[in-house]
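Here is what each chain is made of, one letter per residue.
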Amino acid sequence: VGAPTCLAFNVGCITSCACGYIGMKVAVYANVRTAHEAWLDLQRGFNVALRAGSVMGFCLVSLGVFVLFGLLVLFRGVLFSPDAAVAEDLYEALAGYGLGGSSIALFGRVGGGIYTKAADVGADLSGKNEFGIDEDDPRNPACIADNVGDNVGDVAGMGADLFGSFAESTCAAFVIAGSSYKVADGIAGNYPATLFPLLMSSVGIIVGLVTMMVVGCFYKVNEVSKIESALKGVLNISTVLQTPAVIGLAYYVLPAKFALDEKFDNVTPEKCIASVLLGLWSGLVIGYATEYYTSHTYRPVREISETQRVSAATGIIYGLALGYLSCIVPTICIGITVAVAHTVAGMYGVALGALGMLGTVTMGLAIDVYGPISDNAGGIAEMSKLGADVRRKTDALDAAGNTTAAIGKGFAIGSAALVSLALFGAFTVRAKIESVDILDPWTFTGLLYGAMMPYAFSAMTMKSVGIAANDMVEECMRQLKLIFEGSAKPDYERCIAISTDASLREMIAPGALVIISPLAGGVLFGKNCTAGMLSGALVSGVQLAVSMSNSGGAWDNAKKYIESGGLGPEHAKGSNAHKAAVIGDTVGDPLKDTSGPSLNIVVKLSAIMSLVFGSVIADYSGPTGGPFWLK
């Protein structure tokens, strides 16, 4: 850890902040335009929301690629020698860029999640359940904080999360490739070939542009039922176009044969292509599986709605079961990708698999950011009293946005798993760990602690949302009584202040847990303990993140299915079934928008921290990888 690493870290932080700022700025401008265009025509409203979302995707990947390449040129030309023997140190210093991106993602995801859900839960409980008004009703004091929170958590938070994944997977591929200078035909000696991970992301930008130009030709949104298929079409087209683009790029850039280490000394472009395409198509499969479990078009969510005619408790039980069940397909996809990619190209193949899953991140972010834009457009339509027809259109756009947001979270979680494993491989290279033995007592101790970390982190973040939501409900209830008496007007700024203060205060402890744990474990108990900790956090964190995100998304869309009249007019808005659905949605809010998505950061940030400080952890380890103080 030196000046180059610190420089890369600061640049990563600034770039991540810039991406989030631009995304939020565009989303705010697009909210009102989407509401206006939906007033005129459904297709026009859809187009504005999707194109605004694509700005975030293109901005994030373009800035990320450009800045990372600029750092690489600076390091090779000024701070390091371009000699292949120095490549390992160069790329290890460059890993600070990924750490910077993930550090901002931690605050964006956790802080943004606490902010938005405190406002959302407060608006729901006080407005809907107590006074029978909508959360977007201008009389609801928390409505503005709720709309602001959508931009903070779902736009800036998701953008920072995926930016961190992109930066970390690229840096992991660089670190693993840089260590190959020790073997004959190592890829580290071929500078253009080492840029293959970065070039893949660059090609993804072009694929995204083509997708946005042609998607309107294949999918027309002239009625509500076609919104979801058009959004899925964006993913379908981009995945299909990315496939030949990756194949052509690999044959053009990579040598016919190269080595990564003594074991993987005969890696070919075909093996790299297989790793990338497995990640790319696994991402699409995970997206479709997520849609099945979170869209009210399909049976699982409708089952939840039907149980909510009985009580809120039965709906919550069904939702929890759905979340656990939804882990199966993503786990199988990630497992197959890891097994094949590692077999053909080692940890470098795993890093390429992660980049493959992120190959369509421009379009993945486009359909994800589309969600909060449509949600806020509905809020603006309600506050502006544009009429029931406009609200019906924005609600339809928003319902599809809930599903695409869940799909985006599926992508983020899947890529986080692969990125974390790739970073783990890079850490073992830097800390000089030959193998991770679960029978080693320090490794197993770290494994248990690492498996506990996601649960402790989730408990902290969920409790934080509960504390902030309690304050919000109390404030809203106090104001609403005066508002309905006609003696006061809504004080929106007071509710915004409650969310802001809570998000800044409550994210300190979870952040400290993730940042300090791998370093403290490595320094006090050796590198084997850190290796076990990373393994445990990855395995338990991915399962917990998938189940939480999908349970929350399913409860949300079960509520929207009831509101749309799916159970019949006798169970529409205001009925007992709807009140039960609101309770389920409220329980699911911190799961799907705070704790679940934030677990991506737990597995990634702990891994990148270990990588950046890998040499320090190795220095404080004993000869067998245990504590230095154990003789």
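Each value, and the rule that gives it
Residues numbered from 1 in each chain as written. Predicted model: local features only at pLDDT ≥ 70, side-chain atom pairs only at ≥ 80, totals over all residues. Heavy atoms only, no water. Helix = DSSP H or I, 4+ residues; strand = E, 2+ residues; numbered from the N terminus. Rg over C-alpha atoms; globule rule 2.2 N^0.38 Å. Buried < 20%, exposed > 50% of the residue type's maximum accessible area, 1.4 Å probe, protein only. Contact = heavy atoms within 4.5 Å. Areas by Shrake-Rupley, 256 points an atom, 1.4 Å probe, with all protein chains shown as cover. Lys, Arg positive; Asp, Glu negative; His and termini not counted. Charge placed at Lys NZ, Arg CZ, Asp CG, Glu CD. Expected span 1.5 Å × (residues − 1). Bend = angle between axes of the 7 residues up to and from the residue. Polar contact = N/O pair within 3.5 Å; in protein donor to acceptor, adjacent residues only side chain to side chain. Salt bridge = Lys/Arg side-chain N within 4 Å of Asp/Glu carboxyl O. Core = buried A, V, L, I, M, F, W, Y, C linked by side-chain atoms within 4.5 Å. Axes fitted to C-alpha atoms, helices over the stretch in contact; angles between N-to-C directions. Left-handed = near helix turned anticlockwise from the far one by under 90°. Nonpolar A, V, L, I, M, F, W, Y, C, P; charged D, E, K, R; others polar. Parallel < 35°, antiparallel > 145°, perpendicular 65-115°, else oblique. Phe/Tyr/Trp six-rings, centres within 6.5 Å; stacked < 30°, edge-to-face > 60°. Patch = residues over 30% accessible without salt bridge, like charges linked within 9 Å, V, L, I, M, F, W, Y side chains within 5 Å.

A.B. asks: Is there a simple way to explain the overall build of the protein chain in this structure?
C.D. replies: Along the backbone of the protein chain there are 19 helices and zero strands. Here the C-alpha atoms of the protein chain give a radius of gyration of 24 Å, agreeing with the 25 Å that 2.2 N^0.38 yields for 631 residues. By principal-axis analysis of the C-alpha atoms, the protein chain measures approximately 80 × 60 × 40 Å. When the 631 residues of the protein chain are sorted by exposure, 62% land in the buried category. Here the analysis covers contacts within the protein chain between residues at least 6 apart in sequence; of these, 83% occur between residues at least 24 apart. Total accessible area computed for the protein chain in this model is approximately 22100 Å², and 65% of it derives from carbon and sulfur atoms. The averaged location of the 52 negative side-chain charges in the protein chain is 3 Å from the averaged location of its 40 positive side-chain charges.

A.B. asks: I'm lost on helix 14 (residues 441-485) in this one. Help?
C.D. replies: Owing to its 3.6 residues per turn, the α-helix aligns residues three or four sequence positions apart on the same side. Given a rise of 1.5 Å per residue, 45 residues ought to cover 66 Å, and the 66 Å separating the end C-alpha atoms of helix 14 matches this to within 8%. At Met453, helix 14 shows its largest kink, close to 30°, and the proline Pro454 lies no more than four residues downstream. N-capping of helix 14 is provided by Asp440, with a side-chain oxygen placed 3.0 Å from the backbone N of Trp442.

A.B. asks: Would you mind going over the pattern of salt bridges with me for this structure?
C.D. replies: Side-chain pairs of opposite charge can arise where the charged atoms are in close proximity. Evaluated as defined, the whole model comprises 22 salt bridges. By sharing partners, the salt bridges in this structure join Lys117, Asp120, Asp398, Asp556, Lys560, Asp589, Lys592 and Asp593 into a single network.

A.B. asks: How do you make sense of the nonpolar core when you look at a structure like this?
C.D. replies: It is characteristic of soluble globular proteins that their nonpolar side chains tend to be buried jointly. Of all hydrophobic cores here, the largest spans 156 residues; its most connected members are Phe46, Tyr97, Phe196, Ile227 and Tyr348. Top element by residues in this core is helix 13 (residues 388-430). It accounts for 16 residues. Ala119, Ala142, Ala145 and Cys476 belong to the second largest nonpolar core, which has eight residues in total.

A.B. asks: Can you help me understand the environment of Cys476 in this one?
C.D. replies: Within the secondary structure, Cys476 sits in helix 14. With 45 residues separating them in the primary sequence, Cys476 and Ala431 have C-alpha atoms 53 Å apart. When residues no more than four places from it in sequence are discounted, the contact partners of Cys476 are Gly122, Ser126, Asn140, Pro141, Ala142 and Cys495.

A.B. asks: Explanation requested: the packing of helix 14 against helix 18 (residues 576-612) in the structure shown.
C.D. replies: Two numbers describe a pair of packed helices, the interaxial angle and the distance between the axes. Helix 18 packs onto helix 14 with a crossing angle of 145° between their chain directions and a minimal axis gap of 10 Å. The two elements helix 14 and helix 18 cross, and the hand of that crossing is right-handed. Residues Met453, Pro454, Phe457, Ser458, Thr461, Met462 and Val465 of helix 14 form the contact with helix 18, whose own contacting residues are Pro590, Leu591, Thr594, Ser595, Ser598, Leu599 and Val602. Residues belonging to the contact of helix 14 with helix 18 are distributed by class as follows: nine nonpolar, five polar and no charged.

A.B. asks: Teacher, can you tell me more about the packing of helix 17 (residues 527-563) against helix 18 here?
C.D. replies: Orientation of helix 17 relative to helix 18, taken along the N-to-C sense of each, is 155°, at an axis distance of 7 Å. When the axis of helix 17 is compared with that of helix 18, the two are roughly antiparallel. Between helix 17 and helix 18 lies a crossing of left-handed hand. For the contact of helix 17 with helix 18, the class distribution of residues is 17 nonpolar, 13 polar and five charged.

A.B. asks: Mind showing me how you'd approach the packing of aromatic side chains here?
C.D. replies: Centre distance and the angle of the planes are the two values used to describe a pair of aromatic rings. Inspection of the entire model under this criterion finds eight aromatic pairs. For the ring pair Tyr292 and Tyr298, a centre distance of 5.5 Å and an interplane angle of 50° mean the geometry is tilted. In this structure Tyr292 comes out as partly exposed when scored by relative accessible area, which is 36%. For the pair Trp442 and Phe525, a centre-to-centre distance of 5.8 Å together with 15° between the ring planes defines the contact as stacked. In this pair, Trp442 sits in helix 14 while Phe525 sits in helix 16 (residues 508-525), placing the two residues 83 residues apart along the sequence. In this structure Phe525 comes out as partly exposed when scored by relative accessible area, which is 32%. What links up through ring pairs into an aromatic cluster is the set Tyr97, Phe163 and Phe166.

A.B. asks: Looking at this structure, I do not really get a nonpolar patch on the surface. What am I missing?
C.D. replies: A contiguous nonpolar patch, built from Leu524, Phe525, Tyr620, Phe628, Trp629 and Leu630 and spanning about 580 Å² of accessible area, is present on the exposed surface. Counting through the fold element by element, Trp629 comes out in the segment after helix 19 (614-619). Trp629 gets classed as partly exposed once you look at its relative accessible area, which sits at 43%.

A.B. asks: Honestly, helix 18 in this entry has me stumped. Any pointers?
C.D. replies: The end-to-end C-alpha separation of helix 18 is 54 Å, in line with the 54 Å expected for 37 residues at 1.5 Å each. Along helix 18, the sharpest kink reaches roughly 40°, centred on Gly588 and followed within four residues by the proline Pro590.

A.B. asks: Would you take a moment to explain a negative patch on the surface for this structure?
C.D. replies: Side chains of Asp185, Asp261, Glu262 and Asp265 sit close together on the surface and give a patch of like negative charge. On the secondary structure map, Glu262 appears in the loop between helix 7 (227-253) and helix 8 (269-294).

A.B. asks: Looking at this structure, I do not really get the environment of Ala451. What am I missing?
C.D. replies: Mapped onto the secondary structure, Ala451 falls in helix 14. You can call Ala451 partly exposed: its relative accessible area is 27%. When the C-alpha positions of Ala451 and Gly536 are compared, they lie 4.2 Å apart, and in sequence the two are 85 residues distant.

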